[in-house]
Amino acid sequence: MPAAVLVGAQWGDEGKGKATDLLGGDVDYVVRYQGGNNAGHTVVIGDQKYALHLLPTGILSPQVVPVIGNGVVIDPGVLLGEIDGLAARGISAERLLISSNAHLIMPHHKALDKVTERYLGKSKIGTTGRGIGPAYADKIARMGVRVQDLLDPGILAKKIEVALTEKNQVLTKVYNRRGIDPAAVLEEYLAYAERLKPHIADTSLVLAKALDEGKFVLLEGGQGTLLDIDHGTYPFVTSSSPTAGGACAGAGIPPNRLTKVIGILKAYTTRVGSGPFPTELTDDMGEWLRQTGGEFGVTTGRNRRTGWFDAVIARYATRINGVTDYFLTKLDILSGLERIPVCVAYDVDGVRHDEIPMTQTDFHHAKPIYEEFPGWQEDISGAKVLEDLPPNARSYIRTLEEMSGAPISAVGVGPGRDQTVVVRPLV
Ligand code: IMP
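Keep in mind it's a predicted model, so treat the numbers as computed, not measured. (Residues numbered from 1 in each chain as written. Predicted model: local features only at pLDDT ≥ 70, side-chain atom pairs only at ≥ 80, totals over all residues. Heavy atoms only, no water.)

1. Comments concerning the UniProt feature "binding site: Mg(2+)" (unreviewed entry) in the chain
Per the UniProt record, "binding site: Mg(2+)" (unreviewed entry) is found at D13 and G40. Taken together, the annotated residues stretch across 28 residues yet fold into one region, lying no more than 7.5 Å apart by C-alpha. By secondary structure assignment, the location of D13 is in the loop between β1 (3-8) and α1 (16-23). With a relative accessible area of 24%, D13 lands in the partly exposed category. Positionally, G40 belongs in the loop between β2 (29-32) and β3 (41-45). Judged by relative accessible area, G40 falls into the buried class, the value being 18%. If we ignore the near neighbours within four places in the chain, the residues touching G40 are D13, L52, H53, V298 and T299. (UniProt positions renumbered as here; feature names shortened; annotations may be inferred. Helix = DSSP H or I, 4+ residues; strand = E, 2+ residues; numbered from the N terminus. Buried < 20%, exposed > 50% of the residue type's maximum accessible area, 1.4 Å probe, protein only. Contact = heavy atoms within 4.5 Å.)

Have a look at this one:
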């Protein structure tokens, strides 16, 4: 059986939770492969709404084993809070597996995330302030604390001591903040260790065995393609690789196991935080999209920036990820518009670009070149099959499909689990 990757094709918040949920019945394992509690998935089941940040969406399906892969950075306090929150609603996280190689977000990562953003002033990234960047920075600098260190109190104490010897200097002398007490951190993390121990596993091995047994593994990214540390709008990106290539490294699965790359595309575009966004609408139309689409961050509650669909971005996502199928989400939000503009290329200082410009300087200057398509007035939220959609909605889908260069195999027409038009099976 295959492993499939689910990847955001824009700047995150495309509605990946709904796509994971759609595959529900077929999936045996759902693996988060990067990011941390900077992500936010909302899943609506019946009249219940679940906002997940760190836990893979599979946690909501009793037959699925949810896995937090080695590529994720984990804030253990947040993870346990999320587990407890679900338990209070009758959902057990007993099956959860956590990679022993995943890195931990430590108190100094959170302190540094906030203070460095403040120092950047107008140049700030607009991070979620959850310590994600500093935790990944320490991972790469080989100063990180890993989940497996929770199993060895001696090593944990030593690593915390070493890290804080340096970080406290930075916090107190560079940023004029209070230092962090290593003994208090050790005590806090040893308490987390007690609760997390039963979940810690060699998840790469577990997944390899599962695939050998013919199980279906779904790899779930946080964020989106344009927030990728290598392929996104650097430096206005997250500190890991949400793109499909990152899925293998972050889950410990070899590339030749992947058979499907499912891209999630919103029918318009949103972005949180700073950085270029060529189709951004800062007028009433942008506000209308925000209100109608409910574009407020699940994680931070921040207003999302909103704009029209950008086909240049979609084409890029198809290429970088090798998208085999798209799930187009939130098509219903566009109902009622007379005409729908789609960005087909950019004008950069008088020169047309059909692809993302090579340099960020040019990308910052990119002005959208729009083509307009006729809208539809009907309520489409009850559509079950393609034929239920008005002709203009169908032709909008076809247009996006042609422009993005990969088939749109499913279309979201409302937030509910059953509000999806499946054009062809995703797996
Ligand atoms: P960080 O991931 O907290 O370091 O934030 C870096 C950038 O990624 C900021 O622009 C955030 O707003 C953005 N970001 C991080 N996670 C998400 C997400 O789940 N959805 C959308 N944007 C995100």
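2. Topic: the pairing of strand β19 (residues 408-412)
For β19, a buried count of 5 out of 5 residues is recorded, marking the element as mostly surrounded by other parts of the structure. As judged from the 3 bridges shared by strand β15 (residues 325-329) and β19, these two strands associate in the parallel manner. Bridging from a neighbouring strand, L328 pairs with V411 of β19. Both β19 and strand β20 (residues 420-422) contribute to a ladder of 3 bridges, which runs antiparallel. If you follow V411 over to β20, its bridge partner there is V421. (Pairing = 2+ DSSP bridges.)

3. A closer look at the packing of aromatic side chains
A full pass over the atoms with the stated rule returns 5 aromatic pairs. Ring geometry for W11 versus F277: centroids 5.4 Å apart, planes at 45°, classification tilted. Here W11, found in the loop between β1 and α1, pairs with F277, found in the loop between β12 (269-271) and α9 (284-293); they are 266 residues apart in sequence, far enough to count as distant. By relative accessible area, which is 2% here, W11 ends up buried. (Phe/Tyr/Trp six-rings, centres within 6.5 Å; stacked < 30°, edge-to-face > 60°.)

4. Brief notes about the site of the ligand
Around the ligand there are 16 residues in total, and D13, N38, T128, Q223 and T238 lie nearest to it. Take N38: an N or O atom from its side chain is 2.8 Å from an oxygen atom of the ligand. Against a free-state accessible area of 470 Å², the protein chains account for coverage of 97% of the ligand. Its residues assigned to classes, the shell around the ligand comprises 6 nonpolar, 8 polar and 2 charged. Both of domain 1 (3-86 + 204-422) and domain 2 (103-199) provide at least three residues apiece to the shell around the ligand. (Near = heavy atom within 4 Å. Polar contact = N/O pair within 3.5 Å; in protein donor to acceptor, adjacent residues only side chain to side chain. Areas by Shrake-Rupley, 256 points an atom, 1.4 Å probe, with all protein chains shown as cover. Nonpolar A, V, L, I, M, F, W, Y, C, P; charged D, E, K, R; others polar. Domains from an automatic or database assignment.)

5. With respect to the sheet that holds β20
Spatial ordering of the open sheet is given by β9-β7-β5-β2-β10-β1-β11-β15-β19-β20, a layout of 10 strands whose pairing is mixed. If you trace the sheet from one side to the other, it starts and ends with β9 (200-201) and β20, each paired once. Helix-sheet contacts for helix α10 (residues 311-321) involve β1, β11 (258-266) and β15, and the interaxial angle to β15 is about 145°. (Axes fitted to C-alpha atoms, helices over the stretch in contact; angles between N-to-C directions.)

6. Things to note about the pattern of salt bridges
Across all of its chains, the model carries 18 salt bridges by this definition. For K167, the salt bridge identified is with E166, shortest N-O distance 3.7 Å. Judged by relative accessible area, E166 falls into the partly exposed class, the value being 35%. Salt-bridge contacts for D354 lead to R352; the nearest nitrogen and oxygen are separated by 3.0 Å. The exposure class assigned to D354 is partly exposed, which follows from its relative accessible area of 38%. Each of the salt bridges in this network shares a partner with another, and the network as a whole consists of D13, K266, E295, R304 and K330. (Salt bridge = Lys/Arg side-chain N within 4 Å of Asp/Glu carboxyl O.)

7. Digging into the domain arrangement of the chain
Here the chain is described as being made up of domain 1 (3-86 + 204-422) and domain 2 (103-199). Relative placement of domain 1 and domain 2: their C-alpha centres are 29 Å apart. Taken together, the contact pairs 28 residues of domain 1 with 21 residues of domain 2. Roughly 2,000 Å² of surface becomes buried between domain 1 and domain 2 when both sides are summed, with 59% attributable to carbon and sulfur atoms. When the buried surface of domain 1 facing domain 2 is broken down by residue, V73, P76 and L80 rank first, second and third, together holding 28% of it. The salt bridge partner of K110 is D75, with a shortest N-O separation of 2.9 Å. For the pair domain 1 and domain 2, the number of links is 10 residue pairs in polar contact (both at pLDDT 80 or more). For the side of domain 1 that touches domain 2, the secondary structure elements donating two or more residues are β6 (73-74) and α2 (76-88). (Buried area = accessible area lost by both parts, 1.4 Å probe.)

8. Concerning the UniProt feature "active site" (unreviewed entry) in the chain
Using the residue numbers shown here, the UniProt feature "active site" (unreviewed entry) corresponds to D13, H41 and K139. For the residues just named, distributed over 127 residues, the greatest C-alpha separation reaches 25.6 Å, placing them at more than one site. In this fold, H41 is placed in strand β3. For H41, the contacting residues outside a window of four places in its chain are K16, G17, Y50, A51, L52, T57, E220 and G221.

9. Structural notes on the nonpolar core
By size, the foremost hydrophobic cluster in this structure holds 57 residues, and its most contacted members are V217, L219, L328, L331, L334 and Y396. If you tally residues by element for this core, the top one is helix α12 (residues 391-404), at 5 residues. L328 has contacts with L265, K266, A267, I397, L400, I408, A410, V411 and G412, leaving out every residue within four places of it along the chain. In terms of nonpolar packing, the next biggest core, distinct from the first, is built from 38 residues, I83, L96, I98 and M106 among them. (Core = buried A, V, L, I, M, F, W, Y, C linked by side-chain atoms within 4.5 Å.)

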